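Examination of the molecular architecture
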Amino acid sequence: MSAAVQTIWADLVAASLADAGVRVCVISPGSRSTPLVAALAKESRLELVTIIDERAAAFFALGAARATNIPAALVCTSGTAAAHYLPAIVEAAMADVPLVAITADRPPELQGCGASQTIDQRGLYRSFVRGEFDLGAPSPSEGALRAVGRTLHQAITLARGGRPGPVHVNVPLRKPLEPAAPSTDVERDLARFASDLRTPLALPPRVVADGAMLDALARAIAGEPDGVIVVGAMPAHFASHASWRDDIFALAVRAGYPVICEAGSQLRFGARERAVVCVDHFDLVPTAELPAAKLVIQLGAEPVAAAWPAWLQYAKPARWIVAGHGWHDPDSNARAVILGDVSDALARLVGILESTPAIDARTPARWAEIEATAARATASAIEQHARSETAMVRAAIEASPEGSIVQIGNSLPIRVVDHACAGGVARTVITQRGAAGIDGLISSAAGATRAGKPVLLVLGDVSFVHDLGGLVAARAARAPLAILVVDNRGGQIFSGLPIAKAELGGAFAEHWLTAPGIDPAAVASALGLRSVTAASAQAAGSAVAAALADTGVTVIHAPVSMSGAHDVRRTAIELFLASAQEQRVWRTS
Ligand SMILES: Cc1ncc(C[n+]2csc(CCOP(=O)(O)OP(=O)(O)O)c2C)c(N)n1
Ligand SMILES: [Mg+2]
């Protein structure tokens, strides 16, 4: 095998990625990957992004793939470099995001014998990849070249579906690694052969719901006027899906059910159907105040609302889970799980219901009343706690323009948005609810800018520090990126857990809260990024509006009270209860 053959081999990898529809390819530097990177640099159909830290690179690719719904590729050298991809691969696996991780490797003769930077890369990502491929060492035969193209297509097709997700392609390469032009007739023939190779037509299979299951659900709906639809986090591309909103609202109208729209449901912002009762404040209503629906249709990821499991236990409804590709039933009490493409299932269900005799739907007036009371209580609670993160986050999101992407970090931010942010112009919501990590959020938000829309990332102070490397990756952002750091001095989610009440002395602050004591604005400035500190909700709103109207990255440091999120929630619940009591007295008097 010559350097020229290896060059042809690597060129074919790059061309196959582009042929199969990959657009963004995130590269981290190294020597063993040299043939691949040299080939990628010549492939004009790919947008290359170079990010030094492979963990940040992988989260960047995850963000790009998530926001565009197009597989993104990763290329790194051998050894621990490849291991840094794991966290993003785990999230991609859990959240069905298509990623193609390409790892350069030492050839077989250097395996298991102490060669530098050589580890066993087979099985590195274990069950978290949909498939694992190894190209074998480059070989000067037409059959081997055909197999390179075919393997890349196989891998990328698998990444796109039936169940989208990450795949691993391992590429052993030999020295010399630098590119070389063909110099013999055999090499010239092979180069011609490789560039003439045609890619196979291949599309992933579409897994669709079983018709009998949809018929059964339609019958259950027809027989039960007292139902509710709950929508947890949905993939980002549902925000611009041609019929997602129409179909979910059509289902709600036909069934006469309200829709509980969680923060990540892609239903929180933008136009709604007036005939449908949308419930945004479910988590702020004490369980006993909620109607005990008898049937639940559940879509998207498991709801984040703490009130959800409590209400399920109280109401004991028959739960029909329209699950997409995963089995989302952590309580193990679903009445039915309908697997298969969610949008297809929804459209077909609406079709079946349209031809069903008129449903005796009870107006979900009680839900509408509860929602209105909870919304008023929340607004008053925010006014009372003007220094809370809830007030900050709400103002920041309201300032993000129509068509922008709002990425919400885990821990309290996702809950705060769920409690308090709804309505206004259409926006795409990105959540990291696959494995619910606080990691890689800056990197993945930077990747999400590859969709060409302004991105607002809202994350906690500990999450910010967890991904400081992401600030370097953020320099590869393509559209305006505003990073709102909600600084409540530590992981304040833990202050709401029973551990906060245990007698631990200073250990609670030291080992759970872990306040970083780092000024995000100073760190951002040191890295050449714009930074600003917002001392009020109004200032946070103005900073977000300014940041998203301009190119580049802005870190907005938002110091807030330590207990603000918990204070708003507690006060909102108190106000709700007082109001509900007043309404009861008024009704009975
Ligand atoms: C990668 C990862 N490590 C640890 C955790 C556990 N964890 C959940 S929330 C949290 C604290 C987050 O703090 P911060 O970002 O400041 O958010 P806050 O709780 O203040 O809203 C931690 C460490 C996790 N979810 N993911
Ligand atoms: Mg915090």
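Residues numbered from 1 in each chain as written. Chains lettered and ligands numbered in written order. Predicted model: local features only at pLDDT ≥ 70, side-chain atom pairs only at ≥ 80, totals over all residues. Heavy atoms only, no water.

**A look at the overall build of the chain**
Secondary structure summary: the chain contains 21 helices and 18 strands in total. A compact globule built from 589 residues should have a C-alpha radius of gyration of about 25 Å, and the chain, at 26 Å, falls within 12% of that. When the backbone C-alpha atoms are referred to their principal axes, the chain occupies close to 100 × 60 × 45 Å. Within the chain, the proportion of its 589 residues that are buried is 54%. Restricting to contacts in the chain with at least 6 residues of sequence separation, those with at least 24 account for 78%. Working note: accessible area of the chain is about 23,100 Å², and carbon and sulfur atoms make up 55% of it. Across the chain, the mean location of the 50 positive side-chain charges is 1 Å away from that of the 55 negative side-chain charges. (Helix = DSSP H or I, 4+ residues; strand = E, 2+ residues; numbered from the N terminus. Rg over C-alpha atoms; globule rule 2.2 N^0.38 Å. Buried < 20%, exposed > 50% of the residue type's maximum accessible area, 1.4 Å probe, protein only. Contact = heavy atoms within 4.5 Å. Areas by Shrake-Rupley, 256 points an atom, 1.4 Å probe, with all protein chains shown as cover. Lys, Arg positive; Asp, Glu negative; His and termini not counted. Charge placed at Lys NZ, Arg CZ, Asp CG, Glu CD.)

**Digging into the pattern of salt bridges**
What the rule picks out here adds up to 24 salt bridges. Between arginine 122 and aspartate 120 there is a salt bridge whose closest N-O contact spans 3.0 Å. Judged by relative accessible area, which is 61%, arginine 122 ranks as exposed. Residues joined in a network through salt bridges with shared partners are Arg268, Arg272, Asp280 and Asp418. (Salt bridge = Lys/Arg side-chain N within 4 Å of Asp/Glu carboxyl O.)

**Description of the coordination of the magnesium ion (ligand 2)**
Surrounding the magnesium ion (ligand 2) are the protein donor atoms Asp461 (OD), Asn488 (OD1) and Gly490 (O), which sit 2.0 to 2.1 Å from the metal. Counting along the primary sequence, the residues that act as donors to the magnesium ion (ligand 2) give the motif D-x26-N-x1-G. In this pair, aspartate 461 is assigned in helix 16 (residues 461-466) and asparagine 488 in the loop between strand 16 (481-487) and helix 18 (507-513), connecting sequence segments 27 residues apart. Residue asparagine 488 is classed as buried on the basis of its relative accessible area, which comes to 4%. (Donors = N, O, S within 2.8 Å, 3.2 Å for Na, K, Ca; no water.)

**Looking at the sheet that holds strand 18 (residues 553-559)**
Whether parallel or antiparallel, the strands of a sheet pair through hydrogen bonds between backbone atoms. Across the sheet, which stays open at both edges, the six strands sit in the order 14-13-15-16-18-17 with parallel pairing between neighbours. Only two strands of the sheet have a single partner each, and these edge strands are strand 14 (428-431) and strand 17 (530-533). When the angles between neighbouring strand axes are averaged without regard to direction, this sheet yields 20°. As judged from the six bridges shared by strand 15 (residues 455-460) and strand 16, these two strands associate in the parallel manner. Bridge pairing in strand 16 links leucine 456 to alanine 482. (Pairing = 2+ DSSP bridges. Axes fitted to C-alpha atoms, helices over the stretch in contact; angles between N-to-C directions.)

**A look at the site of ligand 1**
Residues in close proximity to ligand 1 total 18 residues, the closest being Ser411, Asp461, Ser463, Asn488 and Gly490. Separating an oxygen atom of ligand 1 from a side-chain N or O atom of serine 411 is a distance of 2.6 Å. Coverage of ligand 1 by the protein chains reaches 75% of its 590 Å² of free accessible surface. Taken together, the elements giving at least two residues each to the shell around ligand 1 come down to helix 14 (412-420) and helix 16. With four residues, the single largest contributor to the shell around ligand 1 is helix 16. Among the residues forming the shell around ligand 1, the class breakdown is seven nonpolar, nine polar and two charged. (Near = heavy atom within 4 Å. Polar contact = N/O pair within 3.5 Å; in protein donor to acceptor, adjacent residues only side chain to side chain. Nonpolar A, V, L, I, M, F, W, Y, C, P; charged D, E, K, R; others polar.)

**Points about the packing of aromatic side chains**
This model, assessed by the stated rule, comprises six aromatic pairs. Consider the rings of tryptophan 311 and tryptophan 367, whose centres lie 6.1 Å apart with planes at 75°: the pair is edge-to-face. Of this pair, tryptophan 311 sits in helix 10 (residues 307-315) while tryptophan 367 sits in helix 12 (residues 365-384), and the two are 56 residues apart along the sequence. Side by side, tryptophan 311 and tryptophan 367 carry an identical accessibility label, which is buried. Chaining the aromatic ring pairs together yields one cluster made of Phe282, Trp308, Trp311 and Trp367. (Phe/Tyr/Trp six-rings, centres within 6.5 Å; stacked < 30°, edge-to-face > 60°.)

**Some thoughts on the packing of helix 8 (residues 211-222) against helix 11 (residues 342-354)**
Closest axis-to-axis distance for the helix 8/helix 11 pair is 10 Å, and the angle between their directions is 50°. With respect to their mutual orientation, helix 8 and helix 11 come out oblique. Here the hand of the crossing between helix 8 and helix 11 comes out right-handed. The segment helix 8 lies against helix 11, with Gly211, Leu214, Asp215, Leu217, Ala218 and Ile221 engaging Ala345, Arg348, Leu349, Ile352 and Leu353. Its residues placed into classes, the contact of helix 8 with helix 11 shows eight nonpolar, one polar and two charged. (Parallel < 35°, antiparallel > 145°, perpendicular 65-115°, else oblique. Left-handed = near helix turned anticlockwise from the far one by under 90°.)

**Focus on helix 12**
Here helix 12 contains 20 residues, and its C-alpha end-to-end distance of 29 Å stays within 8% of the 28 Å for a straight helix at 1.5 Å per residue. What helix 12 keeps buried is the set Trp367, Ile370, Glu371, Thr373, Ala374, Ala377, Thr378, Ala381 and Ile382. (Expected span 1.5 Å × (residues − 1).)

**Focus on the pairing of strand 6 (residues 166-172)**
For strand 6, a buried count of seven out of seven residues is recorded, marking the element as mostly surrounded by other parts of the structure. Across seven bridges, the pairing between strand 4 (residues 99-105) and strand 6 is parallel. Its bridge partner being in strand 6, alanine 101 is matched across the sheet by histidine 168. Both strand 5 (residues 131-134) and strand 6 contribute to a ladder of four bridges, which runs parallel. Of the residues in strand 6, the one forming a bridge with phenylalanine 133 is valine 169. Handedness of the crossover joining strand 5 and strand 6 through helix 6 (residues 142-160): right-handed. (Right-handed = clockwise from strand over helix to strand, strands pointing away.)

**Some points on helix 7 (residues 185-196)**
The end-to-end C-alpha separation of helix 7 is 16 Å, in line with the 16 Å expected for twelve residues at 1.5 Å each. When helix 7 is considered as a whole, its buried residues turn out to be Glu187, Leu190, Phe193 and Ala194. One side of helix 7 carries all its buried residues, which in axial view fall inside an arc of 120°. What points out from helix 7, more than 90 degrees from its buried face, is the exposed set Asp185, Ser195 and Asp196. Looking at the buried residues of helix 7, the elements they touch are helix 1 (3-19) and helix 6. (Arc of directions from axis to C-beta.)

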